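Chain by chain, the residues:
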There are 2 protein chains.
Amino acid sequence: MGVSEREAWAKREAMCPHRLVLEHVTSRWGVLVLDALLDRSYRFSELRRQIGRVNKVSEKMLAQTLQTLERDGFVHRDAKPVIPPRVDYSITPLGREAAEQVRALARWTDVRMDDVERARAAYDAARESTSL
Amino acid sequence: MGVSEREAWAKREAMCPHRLVLEHVTSRWGVLVLDALLDRSYRFSELRRQIGRVNKVSEKMLAQTLQTLERDGFVHRDAKPVIPPRVDYSITPLGREAAEQVRALARWTDVRMDDVERARAAYDAARESTSL
DNA sequence: CAGCATCCTTTGGGATACTG
DNA sequence: CAGTATCCCAAAGGATGCTG
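Residues numbered from 1 in each chain as written. Chains lettered and ligands numbered in written order. Predicted model: local features only at pLDDT ≥ 70, side-chain atom pairs only at ≥ 80, totals over all residues. Heavy atoms only, no water.

The name an unreviewed UniProt entry assigns to chain A is Transcriptional regulator, from the organism Streptomyces violascens.

Here you go:
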């Protein structure tokens, strides 16, 4: 992660702590990790491939996301002392509560997508006519 | 907003459209705007002060957030043709559905904050002992 | 008052190379 | 395999100045 990164990140913890947790679970990769782990546990690379089927995630961001979620107590990390290394990630009971709400919100946006698209079309059309 | 900004933003619309909507409603300022408008409508500066009681938001970011949410059909903008200008922002029925879920998630993180703090303490303690 | 445009700093995040 | 460290670019976001 790097020392300067860790410092900057510690600084942000000062403000409104629960806002930060919200940002963790709704972050770009946090959403996808929680959603995947809601169904079953994954190994690191396996999880990366699973998520990558929709959105490519760099190894760095996946590691960072998993660490954040683990520290918050949403994800459990089980590193087996074998060669080659094997690490399994699973969701905790606390993480499950968060993941279910996030998934519900994600599903809602999917269901309401038509309404959103219509609203956008109306908005864009209105702007088009005034700017021309 | 600027032309280059608008282009970059249009580019991101290509991928997984509902993921983008999710990012809009869970964005740093989107959450706060929706939460505030859930209770009542606000004028621009009034909304800025209300949000600023917790987190300072720049005028630029507030305007940008409101535009995004308006375009998605979550927020209604009512600009009255008077001098000095007066613009009222309110939530739409669609926006209310989103806002309620976001607020529920925000409340959950608040309620579960103790568990998170404990998990963090345990995580940090474990790292402390191995690194020393 | 309610913005928009511009400049500038900070952060997010990808590519690459390296290690146990 | 499962990471860590480093470098670097792109995007987010704040400060300031200007306008109807």
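So much for the structure itself; the text now carries on.
Side note on the overall build of chain A
Helix and strand counts for chain A stand at seven helices and three strands. For chain A, the N- to C-terminal ordering of α and β elements is α-α-α-β-α-α-β-β-α-α. A buried classification covers 39% of the 132 residues belonging to chain A. A fraction of 46% describes how many contacts in chain A between residues 6 or more apart in sequence connect residues 24 or more apart. Total accessible area computed for chain A in this model is approximately 7,500 Å², and 52% of it derives from carbon and sulfur atoms. (Helix = DSSP H or I, 4+ residues; strand = E, 2+ residues; numbered from the N terminus. Buried < 20%, exposed > 50% of the residue type's maximum accessible area, 1.4 Å probe, protein only. Contact = heavy atoms within 4.5 Å. Areas by Shrake-Rupley, 256 points an atom, 1.4 Å probe, with all protein chains shown as cover.)

What about the protein's contact with DNA strand D?
Neighbouring DNA strand D are 21 residues; Arg43(A), Glu59(A), Arg77(A), Tyr89(A) and Lys60(B) lie closest to it. The contact atoms of DNA strand D, taken as those within 4 Å of the protein, divide so that sugar and phosphate hold 58%. Contacts to DNA strand D include Ser45(A), whose side-chain N or O atom sits 3.0 Å from a phosphate oxygen. The separation between a phosphate oxygen of DNA strand D and a polar side-chain atom of Arg77(A) is 2.5 Å. (Near = heavy atom within 4 Å. Polar contact = N/O pair within 3.5 Å; in protein donor to acceptor, adjacent residues only side chain to side chain.)

Remarks on helix α2 (residues 17–26) of chain B
Structural remark: α-helix, 3.6 residues per turn; residues separated by three or four positions point the same way. Burial of α2(B) is extensive: eight of the 10 residues sit out of reach of the surface. When α2(B) is considered as a whole, its buried residues turn out to be His18(B), Arg19(B), Leu20(B), Val21(B), Leu22(B), His24(B), Val25(B) and Thr26(B).

Here we look at the pairing of strand β2 (residues 75–80) of chain B
Summarising the sheet, β2(B) and strand β3 (residues 86–91) of chain B pair through six bridges and their orientation is antiparallel. Bridge pairing in β3(B) links His76(B) to Ser90(B). (Pairing = 2+ DSSP bridges.)

Some remarks on the sheet that holds strand β1 (residues 42–43) of chain B
Residues and elements named next belong to chain B. Strand order across the open sheet formed by three strands is β1-β3-β2, with antiparallel pairing between neighbours. At either end of the open sheet lies a strand with only one pairing partner, and these are β1 and β2. Set on the sheet, helix α3 (residues 28–39) makes contact with β1, β2 and β3; between it and β3 the angle comes to about 90°. (Axes fitted to C-alpha atoms, helices over the stretch in contact; angles between N-to-C directions.)

Description of the relation of the copies chain B and chain A
The two copies are related by a screw operation: chain B maps onto chain A through 180° of rotation and 0.0 Å of translation along the axis, at an RMSD of 0.1 Å. Such a combination of rotation and displacement between the chain copies is what one expects of a two-fold axis. Every residue of chain B has its C-alpha some distance from the rotation axis, and the shortest such distance is that of Thr26(B), at 3.3 Å. The fraction of interface residues of chain B whose copies in chain A are also interface residues reaches 100%, indicating that both copies meet through the same surface. (Least-squares fit on C-alpha atoms with pLDDT ≥ 70 in both.)

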